[in-house]
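Spelled out from the first residue to the last, the chains are:
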Amino acid sequence: MSLLLGATAVLALHWQVNVIKPDGFFGGMLAEPVERSGVVGRAAAFHEAAMARGVPIVFTRFTVPDDEGALVRNTPFMRSVGDAQAAFRPDAAGTRIIQEMTAQAGQGAVVDNQRLSGLAGNGLPERLTARGITTLLITGVATNLTVEQTARHGTDLGFTVHVISDCVAAADDDAHRASLANLALATAGGLTAEEALARLT
């Protein structure tokens, strides 16, 4: 099945210092497996190639503004970031898009939110729909957290969603594989970066 230019966008989730760099808030959990996987280089190359074909890219950042925005402390994850919210202020060092993708974020859009799904509580679904976007290609970290949550949410909103399977990573390889297997059934199916680029028409 082709991916139509003009109706397809890349959604790049949580490529921020706090999530995947050693000095970030979740670095102790994610920095080493992300580095070992090589996912940053693959995802950056995929973003670049997609953008060169005219596919828009939207980066999402998890941030917590002074008034906590739409943060709801209803899970251990949300309670932990709420308790450490100074590290997640929009202007904090940890919320920056990683250096390997800074230029790409500057050419695209960066959307902040306070939910696990990159499509929740930020008006992004409506903005995408207004642009005629019907298909989302998802990259990001972690596979079994924001990637899976966003992919399922996007599917329920009516988007055709493909996770780019070699451009996502998790803290645990088994959790990563299990999440991709679940998403193969719960979305339009995973694609490698090469497969996705080949389908763009």
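Presented here is a report on the structure given in the accompanying data block. (Residues numbered from 1 in each chain as written. Predicted model: local features only at pLDDT ≥ 70, side-chain atom pairs only at ≥ 80, totals over all residues. Heavy atoms only, no water.)

## A closer look at the overall build of the chain
Next, step 1: On a plain count of helices and strands, the chain comes out with nine helices and five strands.
Next, step 2: From first element to last, N terminus to C terminus, the chain shows the α and β order β-α-α-α-β-α-α-β-α-β-α-β-α-α.
Next, step 3: Expected size for 201 residues packed as a compact globule is a radius of gyration near 17 Å; at 16 Å, the chain falls within 12% of this value.
Next, step 4: Taken along the three principal axes of its C-alpha coordinates, the chain extends 45 × 35 × 30 Å.
Next, step 5: Across the 201 residues that make up the chain, the buried fraction comes to 51%.
Next, step 6: Here the chain has roughly 8,700 Å² of accessible surface; of this, 52% comes from carbon and sulfur atoms.
Next, step 7: Across the chain, the mean location of the 15 positive side-chain charges is 3 Å away from that of the 20 negative side-chain charges. (Helix = DSSP H or I, 4+ residues; strand = E, 2+ residues; numbered from the N terminus. Rg over C-alpha atoms; globule rule 2.2 N^0.38 Å. Buried < 20%, exposed > 50% of the residue type's maximum accessible area, 1.4 Å probe, protein only. Areas by Shrake-Rupley, 256 points an atom, 1.4 Å probe, with all protein chains shown as cover. Lys, Arg positive; Asp, Glu negative; His and termini not counted. Charge placed at Lys NZ, Arg CZ, Asp CG, Glu CD.)

## Comments concerning the sheet that holds strand S1 (residues 8–13)
Next, step 1: Strand order in this open sheet of five strands is S3-S2-S1-S4-S5, and the pairing throughout is parallel. What marks the edges here is a single partner per strand, and that holds for strand S3 (109–113) and strand S5 (160–169). The average angle at which neighbouring strand axes cross in this sheet is 25°, direction not considered.
Next, step 2: Here S1 runs beside strand S4 (residues 135–141); their pairing, made up of six bridges, is parallel. Opposite Val10, over in S4, you have Leu137 as the bridge partner. (Pairing = 2+ DSSP bridges. Axes fitted to C-alpha atoms, helices over the stretch in contact; angles between N-to-C directions.)

## Some remarks on the nonpolar core
Next, step 1: Formed by 43 residues in total, the largest nonpolar core has its most connected members in Trp15, Phe46 and Met101.
Next, step 2: With eight residues, helix H3 (residues 39–52) is the single largest residue contributor to this core.
Next, step 3: Aside from chain neighbours lying at most four places away, what touches Met101 is Trp15, Val40, Ala43, Ala44, His47 and Phe59.
Next, step 4: Counting residues in each nonpolar core, the second largest holds 18 residues, with Leu13, Leu119, Val147 and Phe159 among its members. (Core = buried A, V, L, I, M, F, W, Y, C linked by side-chain atoms within 4.5 Å. Contact = heavy atoms within 4.5 Å.)

## A look at the pairing of S1
Next, step 1: Most of S1 sits inside the fold, with six of its six residues counted as buried.
Next, step 2: The side-chain alternation of S1 yields two buried faces, one formed by Thr8, Val10 and Ala12 and the other by Ala9, Leu11 and Leu13.
Next, step 3: Alignment of S1 against strand S2 (residues 57–62), held across four bridges, turns out to be parallel. Paired with Ala12 across the two strands is Phe59, which belongs to S2.

## Remarks on the pairing of S4
Next, step 1: Counting buried positions over the seven residues of S4 gives seven, a clear majority of the element.
Next, step 2: Alternating positions in S4 separate into two faces, Thr135, Leu137, Thr139 and Val141 on one and Leu136, Ile138 and Gly140 on the other, with burial throughout.
Next, step 3: When S4 meets S5, the two strands line up parallel, connected through six bridges. Paired with Gly140 across the two strands is Val168, which belongs to S5.
Next, step 4: Note that the unit made of S4, helix H7 (residues 143–156) and S5 has a crossover that is right-handed. (Right-handed = clockwise from strand over helix to strand, strands pointing away.)

## With respect to the side chain of Thr135
Next, step 1: Assignment of secondary structure puts Thr135 in strand S4.
Next, step 2: Contact partners of Thr135, with chain neighbours within four places excluded, come to Leu3, Ala7, Thr8, Ala9, Thr160 and His162.

## Section: helix H2 (residues 27–37)
Next, step 1: Residues of H2 that are buried: Gly27, Leu30, Ala31, Pro33 and Val34.
Next, step 2: Check the buried side of H2 and you find it contacts helix H1 (17–20), H3 and S4.

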